[in-house]
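# Secondary and tertiary structure notes
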Amino acid sequence: RPRYNAIIGSLCREGKVRLAFGLQNEMVEKGIRPNISTYNALMNGLCKLGHVEGANELLKDIVEIGLYPNSATYNTLMGGHCKRGEMEKALGLAYTMVKSGVQPNLITCNILMNGLCKGGKMEEAKKLLIEMWDQHKLPDLVTSTILIHGYCTYGNMQEALELWYEMLRRGVVPDTFAYNVLINGFCLDGNMRYSSKLYGQIIKTGLTPDIITYNTLIDGFCRESDFQEACRIYDGMLNAGLVPD
RNA sequence: GCCCUGUUUUAGA
């Protein structure tokens, strides 16, 4: 069963939901009962395609079968609503979740945080962050990256930097993903000196810049009409053994 | 090694 779930999970992540449902049928035919993780994966696939109502129907099936929705079940649905900007529904689900005796976890918070930031509700996001501290759900790298991305998107680089340093002070270690977010923020801000500095930091800390790091920098230099530097970055990318996408 | 959260580029309307 775990093997089926793993395959169904990755199919759903790629949006091949039809195939995933086919595999689920195959499981049943072989007498393997799909468990909650199987259904969570399928719900995730539907949500990724924007079919949140389909995922909701699946939730009803889950309960009818006698399976118990867990935190991943609710998190998946909440993420689907957040992606459509339906924050009220997402928050309503958080309430349903608690009422059903399922504890929201850090991922629940991160999903809500992302929904708020993407919707431009940075004040609400800040409130959620405070509430997380109160509930002893310490923000992790993902939480911080979401908030930093939010501030970068709205051009508030000083707030983004403050959060970055606050995160470092807490001993959270950024990965290439997090660096990419901040680099992009400075690129959008036209501050290629800082972007380049951060690129250097990635390497200095023993991390590896990825294709997105390079794409971001190339785009940043092109926006500044510094095509010479953009080409140098491009060459650096090839030297690093990466293939342009 | 079963499921859920964070990053780049995207014309027109």
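Placed above this text is the structure.
The following paragraphs examine the structure supplied in this document. (Residues numbered from 1 in each chain as written. Chains lettered and ligands numbered in written order. Predicted model: local features only at pLDDT ≥ 70, side-chain atom pairs only at ≥ 80, totals over all residues. Heavy atoms only, no water.)

## Re the packing of helix 3 (residues 36-48) against helix 4 (residues 52-65)
- For the pair helix 3 and helix 4, the least separation of the axes is 8 Å and the interaxial angle reads 165°. Of the possible angle classes, the one that applies to helix 3 and helix 4 is roughly antiparallel. Classified by chirality, the crossing of helix 4 by helix 3 is right-handed. When helix 3 is examined against helix 4, the residues I36, Y39, L42, M43, L46 and C47 are found in contact with a partner set consisting of V52, G54, A55, L58, L59, I62 and I65. (Axes fitted to C-alpha atoms, helices over the stretch in contact; angles between N-to-C directions. Helix = DSSP H or I, 4+ residues; strand = E, 2+ residues; numbered from the N terminus. Parallel < 35°, antiparallel > 145°, perpendicular 65-115°, else oblique. Left-handed = near helix turned anticlockwise from the far one by under 90°. Contact = heavy atoms within 4.5 Å.)

## Quick notes on a positive patch on the surface
- Residues R13, K48, K83 and K118 make up a contiguous surface patch of positive charge.
- Relative to the helices and strands, R13 is located in helix 1 (residues 2-13).
- Take R13: its relative accessible area is 55%, and that puts it in the exposed class. (Patch = residues over 30% accessible without salt bridge, like charges linked within 9 Å, V, L, I, M, F, W, Y side chains within 5 Å. Areas by Shrake-Rupley, 256 points an atom, 1.4 Å probe, with all protein chains shown as cover. Salt bridge = Lys/Arg side-chain N within 4 Å of Asp/Glu carboxyl O. Lys, Arg positive; Asp, Glu negative; His and termini not counted. Charge placed at Lys NZ, Arg CZ, Asp CG, Glu CD. Buried < 20%, exposed > 50% of the residue type's maximum accessible area, 1.4 Å probe, protein only.)

## A short note on the nonpolar core
- Ranked by size, the top nonpolar core spans 73 residues in total, and within it I8, L77, M113, L147, I148, W164 and L182 carry the most contacts.
- Leaving out residues up to four positions away in the same chain, I8 has contacts with A20, L23, Q24, M27, T38, A41 and L42. (Core = buried A, V, L, I, M, F, W, Y, C linked by side-chain atoms within 4.5 Å.)

## Points about the protein's contact with RNA strand B
- In the vicinity of RNA strand B, 35 residues are found, and the nearest of them are N5, R13, N40, N75 and N110.
- For RNA strand B, the backbone portion of the atoms within 4 Å of the protein, that is sugar and phosphate, comes to 51%.
- One nitrogen or oxygen atom from the main chain of A41 is found 3.4 Å from a sugar or linking oxygen belonging to RNA strand B.
- Taking K118, its side chain carries an N or O atom lying 2.9 Å from a phosphate oxygen of RNA strand B. (Near = heavy atom within 4 Å. Polar contact = N/O pair within 3.5 Å; in protein donor to acceptor, adjacent residues only side chain to side chain.)

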